[in-house]
Amino acid sequence: MNAQRPSAFIASIRPALVLFLLLTVLTGFLYPLVVTGVAQLLFPARAAGSIVSRDGRAVGSRLIGQSFGDARYFWSRPSATTPQPYNGTASGGSNFGALNPALLDAVKARVAALRGADPGNRAPVPIDLVTASASGLDPEISLAAANFQAARVARARGLAPERVQALIAQHAAGRLLGVLGEPRVNVLELNLALDALK
């Protein structure tokens with residue numbers, strides 16, 4: 001009778017093990033391979049990370065923000081990823097609540113940096129220039145944030161402010177389906193367009 005118990009146990013657990021292995025192969029290997037293959041076939045640039053290249057060299061992605069600190073460039077939305085900013089493997093917000101003193105200190109420091117880079121600009125600082133997003137990786141800023149920085153960028157590059165404003169308008173993206181989100185501009189693409197100006 002004792003000899004029957006191990007064989008009964010093995011017989012009862014065998015279907016669970018077979019199902020576990022089958023689902024592991026299906027959902028862990030085959031499904032990701034099929035999805036990746038279809039994505040590579042139908043959307044090759046997006047499946048490869050929407051990489052932006054200049055002169056045969058990758059300079060960034062349209063999907064992940066980058067840090068720009070030079071006055072000649074538009075600055076991105078702050079990143080909350082640590083230990084380095086815009087780290088795609090550490091996507092996430094700071095989780096600081098609106099009343100958290102650490103958030104207030106960070107916002108004050110960012111406002112001071114923006115004011116220090118453009119002392120004559122007394123316009124209200126757009127919120128997306130001083131607060132991180134939920135992902136900490138946003139590649140875009142609002143048109144208000146771009147326009148806030150336009151005079152500084154024009155001055156640093158020796159360009160007419162109207163030319164920089166026209167560049168912002170040229171790279172602006174509207175609301176999704178005309179109603180979702182806010183008008184915005186991709187910071188990397190805007191900065192690359194600035195570099196391409198003669």
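Residues numbered from 1 in each chain as written. Predicted model: local features only at pLDDT ≥ 70, side-chain atom pairs only at ≥ 80, totals over all residues. Heavy atoms only, no water.

**A few points about the layout of surface pockets**
Counted only if it meets this: Buried and open spaces are told apart on a 1 Å grid over the protein atoms alone, a cavity being a set of points where a 1.4 Å probe fits but cannot get out and a pocket being an open set with protein on both sides within 12 Å along at least five of seven lines. Residues with an atom within 4 Å of a point are the lining residues. Grid points are joined across faces, edges and corners, and a volume is the space filled by probe spheres set on the points. Put simply, Ala, Val, Leu, Ile, Met, Phe, Trp, Tyr, Cys and Pro go in the nonpolar bin, Asp, Glu, Lys and Arg in the charged bin, and everything else, Gly too, in the polar bin.
The space that makes up the largest pocket amounts to roughly 310 Å³. Along the walls of the largest pocket sit 17 residues, with Ser76, Pro78, Tyr86, Arg110 and Leu129 positioned nearest its centre. For the lining of the largest pocket, the residue count by class is 9 nonpolar, 7 polar and 1 charged. Taken as a whole, the second largest pocket encloses approximately 150 Å³ of empty space. Lining the second largest pocket, in full, are Ala80, Gly93, Ser94, Asn95, Phe96, Leu103, Ala106, Arg110, Thr131, Ala132, Ser133 and Ala134. Looking at the lining of the second largest pocket residue by residue, the classes come out as 6 nonpolar, 5 polar and 1 charged.

**Considering the sheet that holds strand 5 (residues 184–186)**
As a reminder, the rule being used: Pairing between strands is defined by DSSP: at least two bridges between them are needed. Put simply, DSSP marks the helices as runs of H or I at least four residues long and the strands as runs of E at least two long, and each gets a number from the N terminus on.
Read from one edge of the open sheet, 3 strands run 3-5-4, paired in antiparallel fashion. Looking at which strands have only one partner, the edges of the open sheet turn out to be strand 3 (140–142) and strand 4 (172–173). Judged from the 3 bridges that link them, strand 3 and strand 5 form a sheet pairing that is antiparallel. Paired with glutamate 140 across the strands is asparagine 186, a residue of strand 5.

**Comments concerning empty space enclosed by the protein**
Within the structure shown, the criterion is met by 1 cavity of 30 Å³ or more. Empty space within the largest cavity amounts to approximately 30 Å³. For the largest cavity, the full set of lining residues is Ser61, Ile64, Gly65, Gln66, Phe68, Ser76, Pro139, Asn186, Val187 and Leu188. Residues of the lining of the largest cavity, tallied by class, amount to 5 nonpolar, 5 polar and no charged.

By themselves, these are just geometric observations and shouldn't be taken as functional.
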